[in-house]
Amino acid sequence: MEGFDFNPQLNIEAVVILVAAAVAGVLLSFTPLFYPFQLLFTTIHELGHVFATIFTGGEAKGFWVYFRPKNGTRGEALREGGDDRFISPAGYLGTAIFSAGLILLSGFPYLAPYTVGILGVILLLSILRHGRSFSTALIGSLWSALFFWVAWNAELIWSVFLLYLLAILGIVRAIKDWQTITYLARHDPSGSHDAAHMAKNKVMGCRLSAGCWASLWSIISFLLLGVAF
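Here the structure is a predicted model, which is why all the values come from computation and not from measurement.

Cut-offs and rules
- Residues numbered from 1 in each chain as written.
- Predicted model: local features only at pLDDT ≥ 70, side-chain atom pairs only at ≥ 80, totals over all residues.
- Heavy atoms only, no water.
- Helix = DSSP H or I, 4+ residues; strand = E, 2+ residues; numbered from the N terminus.
- Buried < 20%, exposed > 50% of the residue type's maximum accessible area, 1.4 Å probe, protein only.
- Contact = heavy atoms within 4.5 Å.
- Areas by Shrake-Rupley, 256 points an atom, 1.4 Å probe, with all protein chains shown as cover.
- 1 Å grid on protein atoms, 1.4 Å probe; cavity = no way out; pocket = protein on both sides within 12 Å on 5 of 7 lines; lining within 4 Å.
- Points joined across faces, edges and corners; volume = space filled by probe spheres on them.
- Nonpolar A, V, L, I, M, F, W, Y, C, P; charged D, E, K, R; others polar.
- Axes fitted to C-alpha atoms, helices over the stretch in contact; angles between N-to-C directions.
- Parallel < 35°, antiparallel > 145°, perpendicular 65-115°, else oblique.
- Core = buried A, V, L, I, M, F, W, Y, C linked by side-chain atoms within 4.5 Å.

1. Points about the overall build of the protein chain
At step 1: Summing up its helical and strand segments, the protein chain has eight helices and two strands in all.
At step 2: Per-residue burial over the protein chain gives 43% buried out of 229 residues.
At step 3: Partitioning the contacts of the protein chain with sequence separation of at least 6, the portion at a separation of at least 24 is 70%.
At step 4: Summed over its atoms, the accessible surface of the protein chain is roughly 12,700 Å², and 67% of this surface lies on carbon and sulfur atoms.

2. A word on the layout of surface pockets
At step 1: Space inside the second largest pocket adds up to approximately 160 Å³.
At step 2: Secondary-structure elements contributing two or more residues to the lining of the second largest pocket are helix 2 (35-55) and helix 3 (84-105).
At step 3: With six residues, the single largest contributor to the lining of the second largest pocket is helix 2.
At step 4: The residue inventory of the lining of the second largest pocket, partitioned by class, reads seven nonpolar, two polar and no charged.

3. Comments concerning the packing of helix 3 against helix 8 (residues 210-228)
At step 1: Contact pair helix 3 / helix 8: the axes reach a minimum separation of 8 Å and the direction vectors enclose 10 degrees. By the angle between their directions, the pair helix 3 and helix 8 is classed as roughly parallel. Between helix 3 and helix 8, the contacting residues are Ser88, Pro89, Tyr92, Leu93, Ala96, Ile97, Ser99, Ala100, Ile103 and Leu104 on the first element and Trp217, Ile220, Ser221, Leu224, Leu225 and Ala228 on the second.
At step 2: Residue composition of the contact of helix 3 with helix 8, by class: 13 nonpolar, three polar and no charged.

4. What about empty space enclosed by the protein?
At step 1: On inspection of all chains with the given rule, the structure shows one cavity of 30 Å³ or more.
At step 2: Here the largest cavity is characterised by a volume of approximately 90 Å³.
At step 3: Lining the largest cavity are Tyr92, Thr95, Ala96, Ala174, Asp177, Trp178, Ile181, Trp217, Ser218, Ser221 and Phe222.
At step 4: Those elements that provide at least two residues to the lining of the largest cavity are helix 3, helix 6 (156-187) and helix 8.
At step 5: Partitioning the lining of the largest cavity into residue classes produces seven nonpolar, three polar and one charged.

5. Describing the side chain of His45
At step 1: Among the structural elements, His45 can be located in helix 2.
At step 2: Among residues more than four places away in sequence, those in contact with His45 are Gly91, Tyr92, Thr95 and Asp194.

6. Topic: the nonpolar core
At step 1: Core analysis: the largest hydrophobic core is formed by 40 residues, its most contacted members being Phe37, Trp143, Phe147, Leu162, Leu165, Leu166 and Leu169.
At step 2: Of all the secondary-structure elements, those providing two or more residues to this core are helix 1 (12-28), helix 2, strand 1 (59-68), helix 3, helix 4 (112-130), helix 5 (134-153), helix 6 and helix 8.
At step 3: For this core, the element with the most residues is helix 6, which contributes 13 residues.
At step 4: In contact with Leu165, not counting residues within four places along its chain, are Ala21, Ala24, Gly25, Leu28 and Trp143.
At step 5: By size, the runner-up hydrophobic cluster in this structure holds ten residues, among which are Tyr92, Ile181, Ala199 and Trp217.

And the structure:
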């Protein structure tokens, strides 16, 4: 077409890194090596509730993350006040936003080492604060050390790989969250989970069931991740 220069370029290296990270992430999710990242994403989930509480005028007194290798992680935030219409979805959507942000940051490769270094610090802090078993603390510390080493010593490609890997693990976590919240909404619609809390509130004059909120949050999460990719 005259006046239109269409010259598509495919960065094969980036695609190879992404595919390798996807394979590694899926495999890791079935091993104990995934445990520290479960703690990390649960911490981010609870921080979403904390920030939403503060931003809507409430008081956040703290949060806790419990880790059980056979049953996964569980978090709890102690708070007073705030707008539950924003607080309840902030955990699930916060985790999706974090993972989408990692995907977008991979588009700025020269920022990757700094991002990986910061993520290493966050991972180490979450392990020191919430890692209850020696094995989880050890594995998490080794992951943090790897992040630090890659950030400051390895070639740029490895920092990008770790960003992709953590984003893939975030997607795995989003899938697990979708399964969990859907199960709870279906079998315990009036329980103490986020979807049940949200179902007690009216949004724009409408009151939806816990199952509807669970489905809506899952759709939004996967849309965020898809758009980021």
